[in-house]
Structures are given as C-alpha cells and as structure tokens.
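# Breakdown of the fold
If you want the building blocks of each chain, they are given just below.
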Amino acid sequence: MQKRDFLLTATALLLTGGRCVHAAPAQANAQQADWRIFLPPSAEISTSLTPINKPASEWRQALPPDSYAVLFEASTEAPFSSALNAEKRAGLFLCRACRLPLFSSAMKFDSGTGWPSFTSSIAGHLATQKDFKAFFLRTEYHCVRCSGHQGHVFDDGPAPTHERWCNNGVALEFLPSRA
C-alpha cells in the first residue's frame, strides 16, 4: 500500500468512526432467485430478518468456543481446517449462531484459499462494513440477524459476480437439500 493510499484510508476511518455499515447489495443472477429450493420440507428455519439481541454470555453458552470466537470476537479460523471447505452436496449454509440462511450450494466455489467461498450471498441476509484491522481496507460482512462476523468479501471471484465471499467454516452450519 502506498503512503498516499494509507493516509486516505486512515482519514476515511477517522471521518466515519471506523464503521460504514450497509446491507450487502442484491445480486441479480440465477443463483439468487431460487435459494429456497434448498430448504428441506421439515426444516424449521426462520428467514425473519428481525435482529436477535442476546447477551454475549448466552451466545458463549450456545456455541462451541471456536465458533463464538469467530462470530462474536471477529477471530479467524486456520485455513483448510473446515470440513465445509470441501462440502459439495446441494443445500444451504446457515449462520451457526442464529441459523439464518446466508448462502446456497449453487453460490459455492473452490477458491483455493482454504476457506469456504461463495460468488454471492442471499440478498439482504448479510451486511458489510469497512475493516481496517489488517492495516489495509477490507470489506467485512456479518449476519443481519445476530450480527455474527462471517468473513470478508473480495472482488477477485469468478464471473459473473467477480465476488469472493470468503467465510469462516466454524461460523456456518450446512443443511443438506431435500433432494
């Protein structure tokens, strides 16, 4: 990063208080339209976007320690450590904390980075904010319902979106399709 870019980024951080939160844009593609076909008929999954405001102690009790660390302390799991990185079955990837569907298997691709990666997300289910923790600008995303940190989105993914939603596997739960 050049000194000029660093100064501009630092200035933006100061002016915005470090948070520029907005809902992730809706992707207009075939992957987006039919994510609900992956819901098993017996699955009791709520797609309500009403925020869940639990105290940290309740989340800590309900989740494994590694999942809690990623979701509510913005930690990162080791690359190539998640079984979901190799998951190829049809289904949905849910937020591990509140079980809101975030991605369908049709959105998943092998990025070679060591983390489950997706070309898009389910519209309206994730929100983004600017992240300067790595000393350069990144876009962090989190679940809109529980605010659990999921990962970062980059612009180096495959066509048609050119997005790579790089997710921590311990922040997700996989729900196989009804088919």
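Everything numeric in this text was worked out from a predicted model, so none of it was measured.

Moving on, we get to the overall build of the protein. Per the secondary structure count, the protein includes four helices and 10 strands. The N-to-C order of helical and strand elements in the protein reads α-β-α-α-α-β-β-β-β-β-β-β-β-β. Taking all 179 residues of the protein together, 47% fall into the buried category. A sequence separation of at least 24 residues applies to 64% of the contacts in the protein between residues at least 6 apart. Accessible area for the protein stands at about 9,300 Å²; split by element, carbon and sulfur atoms hold 57% of it.

Turning our attention to the sheet that holds strand β3 (residues 101-104). What the three strands build is an open sheet, ordered β3-β2-β10; its pairing is antiparallel. Looking at which strands have only one partner, the edges of the open sheet turn out to be β3 and β10 (172-176). Between one strand axis and the next, the sheet turns through 30 degrees on average, direction left out of account.

Describing an aromatic ring pair means giving the distance of the ring centres and the angle of the ring planes. In this structure the tally under the stated criterion is eight aromatic pairs. Look at F103 and F118: their rings are 3.9 Å apart centre to centre, the planes differ by 10 degrees, and that puts the pair in the stacked class. On the criterion of sequence distance, the pair formed by F103 in strand β3 and F118 in strand β5 (residues 117-118) is long-range, its members being 15 residues apart. Assessed through its relative accessible area of 0%, F118 is described here as buried. With a centroid separation of 6.5 Å and an interplanar angle of 65 degrees, the aromatic rings of F103 and W165 are classed as edge-to-face. Of this pair, F103 sits in strand β3 while W165 is found in strand β9 (residues 164-167), placing the two residues 62 residues apart along the sequence. A single burial state applies to F103 and to W165, both of which are buried.

The next thing to look at is the pattern of salt bridges. Evaluation of the coordinates by the stated rule reveals four salt bridges. Salt-bridge contacts for E73 lead to R60; the nearest nitrogen and oxygen are separated by 3.9 Å. A residue pair is termed long-range when its members are at least 10 positions apart, and E73 in helix α4 (residues 65-73) and R60 in helix α3 (residues 56-62) qualify at 13 residues. You can call E73 partly exposed: its relative accessible area is 48%. Residue R60 is classed as partly exposed on the basis of its relative accessible area of 46%. With a closest N to O distance of 2.7 Å, R89 and E87 form a salt bridge. What makes E87 buried here is its relative accessible area of 14%.

The full count for this structure, using the stated rule, is zero disulfides. C98 supplies the cysteine sulfur nearest to C143, a cysteine that is in no disulfide, at a spacing of 3.5 Å. Note on C146: no disulfide assigned, nearest cysteine sulfur contributed by C95 at a separation of 3.5 Å. Classification of C146 as buried rests on a relative accessible area of 5%.

This next bit is on α4. Of the residues making up α4, those classed as buried are S67, Y68, A69, V70 and L71. Residues of α4 that are buried in the fold lie against α3, β2 (91-95) and β8 (149-154). One or two residues past the end of α4 sits A74, with phi positive at roughly 55 degrees.

With that out of the way, let us pick up the environment of T161. Relative to the helices and strands, T161 resides in the loop between β8 and β9. Considered as a pair, T161 and S120 are 41 residues apart in the sequence and their alpha carbons are 7.0 Å apart.

Inspection of the secondary structure assignment puts S117 in strand β5. At 2.9 Å, the side chain of S117 forms a polar contact with the side chain of S111. Beyond its immediate stretch of four places on either side in the chain, S117 contacts M107, K108, F109, S111, R164, W165 and C166.

Scoring rules and cut-offs
Residues numbered from 1 in each chain as written. Predicted model: local features only at pLDDT ≥ 70, side-chain atom pairs only at ≥ 80, totals over all residues. Heavy atoms only, no water. Helix = DSSP H or I, 4+ residues; strand = E, 2+ residues; numbered from the N terminus. Buried < 20%, exposed > 50% of the residue type's maximum accessible area, 1.4 Å probe, protein only. Contact = heavy atoms within 4.5 Å. Areas by Shrake-Rupley, 256 points an atom, 1.4 Å probe, with all protein chains shown as cover. Pairing = 2+ DSSP bridges. Axes fitted to C-alpha atoms, helices over the stretch in contact; angles between N-to-C directions. Phe/Tyr/Trp six-rings, centres within 6.5 Å; stacked < 30°, edge-to-face > 60°. Salt bridge = Lys/Arg side-chain N within 4 Å of Asp/Glu carboxyl O. Disulfide = S-S within 2.5 Å. Polar contact = N/O pair within 3.5 Å; in protein donor to acceptor, adjacent residues only side chain to side chain.

Note that every value here comes from positions in space, so none of it alone points to a role or purpose.
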